[in-house]
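# A structural walkthrough
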Amino acid sequence: MMTCDLASAKPHLIQSLLGAIESAPIAQAPTYLLVTVGVMVCRIAALGITYYHLVVSDQATADCQGEVEAAFRGEGVERWRDSVVDTVHMPRRNQFFPGSTESTLYVIHPEAAR
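Anyway, here's the lowdown on the structure attached to this text. (Residues numbered from 1 in each chain as written. Predicted model: local features only at pLDDT ≥ 70, side-chain atom pairs only at ≥ 80, totals over all residues. Heavy atoms only, no water.)

The next point concerns a nonpolar patch on the surface. Together, Y32, V35 and F96 make up an exposed nonpolar region whose accessible area comes to about 280 Å². By secondary structure assignment, the location of Y32 is in strand β1 (residues 31-35). (Patch = residues over 30% accessible without salt bridge, like charges linked within 9 Å, V, L, I, M, F, W, Y side chains within 5 Å. Areas by Shrake-Rupley, 256 points an atom, 1.4 Å probe, with all protein chains shown as cover. Salt bridge = Lys/Arg side-chain N within 4 Å of Asp/Glu carboxyl O. Helix = DSSP H or I, 4+ residues; strand = E, 2+ residues; numbered from the N terminus.)

Structure follows, in structure tokens:
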């Protein structure tokens with residue numbers, strides 16, 4: 001299964017970004033950039049901040065990683081793996097991925113990689 005580590009940015013930067021994400025009201029419905037058999041990438045536009053959710057289920061295939069790379073490249077977020085500011089493991093079925101038994105949500109903000 002595809003996994004990611006938290007960004008290596010200074011903890012105060014990550015906490016600042018998470019605080020902004022958690023407190024900013026969502027400005028519009030999420031934009032789904034990629035939905036496959038095992039992964040989903042969406043862009044979330046909130047007031048004053050844009051960030052991404054990557055959900056990886058246990059149904060992800062080897063092809064999914066390349067599709068995720070292409071989705072982020074299309075957004076101009078080349079260093080998305082260095083931009084993970086939070087993770088949430090969900091040890092249950094995910095409605096987006098029939099047959100899944102678990103998934104992980106990665107919250108990605110491009111500024112964490114700078």
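Resuming the write-up.
The next thing to look at is the environment of G99. Note on placement: G99 falls in the loop between β4 (84-90) and β5 (103-108). Sequence separation between G99 and G38 is 61 residues; the distance between their C-alpha atoms is 9.8 Å.

All right, on to helix α1 (residues 11-23) then. Taking 1.5 Å of rise per residue, the 13 residues of α1 would be expected to cover 18 Å, and the 18 Å separating its terminal C-alpha atoms lies within 8% of that figure. Within α1 the residues assigned to the buried category are I14, L17, L18 and I21. Taken down its axis, α1 places every buried residue within 100 degrees of arc, on the same side. For α1, exposure combined with an orientation more than 90 degrees from the buried face picks out H12, Q15 and S23. (Expected span 1.5 Å × (residues − 1). Buried < 20%, exposed > 50% of the residue type's maximum accessible area, 1.4 Å probe, protein only. Arc of directions from axis to C-beta.)

Right, let's get into the nonpolar core. Among the nonpolar cores identified, the biggest contains 18 residues, and I21, I49, Y51, V85 and V107 are the most heavily contacted of them. Excluding residues that lie within four positions of it along the chain, V107 makes contacts with I21, Y51, Y52, H53, S83, V84, V85 and D86. Among the nonpolar cores identified, the runner-up in size contains 15 residues, and C64, V68, A71 and W80 belong to it. (Core = buried A, V, L, I, M, F, W, Y, C linked by side-chain atoms within 4.5 Å. Contact = heavy atoms within 4.5 Å.)

Take the packing of aromatic side chains next. Applying the stated criterion across every chain yields a total of three aromatic pairs. Measuring from centroid to centroid gives 5.5 Å for Y52 and F72, while their planes differ by 70 degrees, and the two rings are edge-to-face. Of the two residues, Y52 is situated in strand β3 (residues 49-57) and F72 in helix α2 (residues 62-74); the sequence distance between them amounts to 20 residues. Owing to a relative accessible area of 5%, Y52 belongs among the buried residues under this scheme. Residue classification places F72 among the buried positions, given a relative accessible area of 0%. Between F72 and W80, the aromatic rings sit 4.9 Å apart at their centres with planes inclined by 15 degrees, giving stacked as the arrangement. W80 matches F72 in its accessibility class, with the two residues each being buried. (Phe/Tyr/Trp six-rings, centres within 6.5 Å; stacked < 30°, edge-to-face > 60°.)

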